[in-house]
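# Summary of the model geometry
Each chain, written out:
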Amino acid sequence: QYFRLLFAPVQVTGDYDFNSVPLATVRDWDAWLGLALIAGCLFLSIRYKKSRPMLSLGILFFYVTLLPVSNWITPIALLMAERFLYTPIFSFALVAGACWAAIPQAQVRRLVAAGVLTISALFCISHNYIWQDTLTFHRNVVRALPNNARGRLGYGFALLKMGRVNEARAEFEEGLRILPGSAP
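Residues numbered from 1 in each chain as written. Predicted model: local features only at pLDDT ≥ 70, side-chain atom pairs only at ≥ 80, totals over all residues. Heavy atoms only, no water.

### Re the pattern of salt bridges
Per the counting criterion, the structure on display carries three salt bridges. Across the pair Arg152 and Glu171 runs a salt bridge, and its minimum N-O distance is 2.9 Å. Here Arg152, found in helix H7 (residues 149–161), pairs with Glu171, found in helix H8 (residues 165–178); they are 19 residues apart in sequence, far enough to count as distant. Taking relative accessible area as the criterion, Glu171 reaches 11% and is therefore assigned buried. With a shortest N-O distance of 2.5 Å, Glu174 and Arg177 are connected by a salt bridge. Within this pair, Glu174 and its partner Arg177 are both found in helix H8, separated by three residues, close to a single helical turn. Taking the relative accessible area as the measure of exposure, Glu174 reaches 22% and is therefore partly exposed. (Salt bridge = Lys/Arg side-chain N within 4 Å of Asp/Glu carboxyl O. Helix = DSSP H or I, 4+ residues; strand = E, 2+ residues; numbered from the N terminus. Buried < 20%, exposed > 50% of the residue type's maximum accessible area, 1.4 Å probe, protein only.)

If you want it as C-alpha cells, here you go:
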C-alpha cells in the first residue's frame, strides 16, 4: 500500500484502521507480490551497495524509517497512515533523483521532470478538495474505506455539527456495526 501511495496517490484517506484494510492470507497474491517487492528492493540495495551507493542508501533508509510504524516491532493504533511516509519519502526522492540523473539526454530529463511536476500538481490540487474541512475529509474516508470506524465517527460528528442529525445517527450506527464495543 505504501508503494501505491508513493507512485499513485489516488485513494488517499489519512487514516487506515485495522478493520479498514483486510488481513492478508496465504492465498492472497497481492500480499505475496508486496513481500516479493520488498525482498527485491532489499536485494537490489545489497547488490548495488558499491556501484550505486545512493540507490542502496535510499532503499535501506526507506525501510529503516518505516520500520518503527510498521507494526512489526510493536503494534500501534494504526495499521497505516500517509503521515508515516513523511520521513521515508526523503529516500524515495533520493532514489528518484538518482534515477533521473541517470537519464543521459538532457531533453528527456526535462520532459520527465515536466511530466512529474504536472502530475504532482494535479494530485495536489485534487487532494485540496478532500482536505478542505472535517466534513469532506471524513466523507472521503468513508467513501474510500467503508469499514473505517474512525471515519464513520468523524463523519457522524461533522454531520451532527451541521445539524444533519438523521445522517449523523446513520454514520454512528454504522460505526457501531463495524466496532460493536466502541460506544462511550
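Read on for the rest.
### Some points on the nonpolar core
Counting 20 residues, the largest nonpolar core has Tyr2, Leu5, Ile59, Phe62, Leu66, Phe84 and Leu85 as the members making the most contacts within it. The element contributing the most residues to this core is helix H3 (residues 53–66), with five residues. Apart from residues lying up to four places away in sequence, Leu5 is in contact with Gln11, Val12, Tyr16, Met80, Glu82 and Leu85. Counting residues in hydrophobic clusters, the runner-up holds six residues, among them Leu135, Tyr155, Ala158 and Leu159. (Core = buried A, V, L, I, M, F, W, Y, C linked by side-chain atoms within 4.5 Å. Contact = heavy atoms within 4.5 Å.)

### A look at the packing of aromatic side chains
This model, assessed by the stated rule, comprises three aromatic pairs. Judged by centre distance (5.2 Å) and plane angle (85°), the ring pair of Phe62 and Tyr63 falls under edge-to-face. When sorted by exposure, Phe62 lands in the same class as Tyr63, which is buried. Centre to centre, the rings of Trp131 and Phe137 are 4.8 Å apart; their planes meet at 45°, and the pair counts as tilted. The ring of Trp100 carries the charged tip of Arg109 above its face, separated from the ring centre by 5.5 Å. (Phe/Tyr/Trp six-rings, centres within 6.5 Å; stacked < 30°, edge-to-face > 60°. Lys NZ or Arg CZ within 6 Å of the ring centre and 35° of its normal.)

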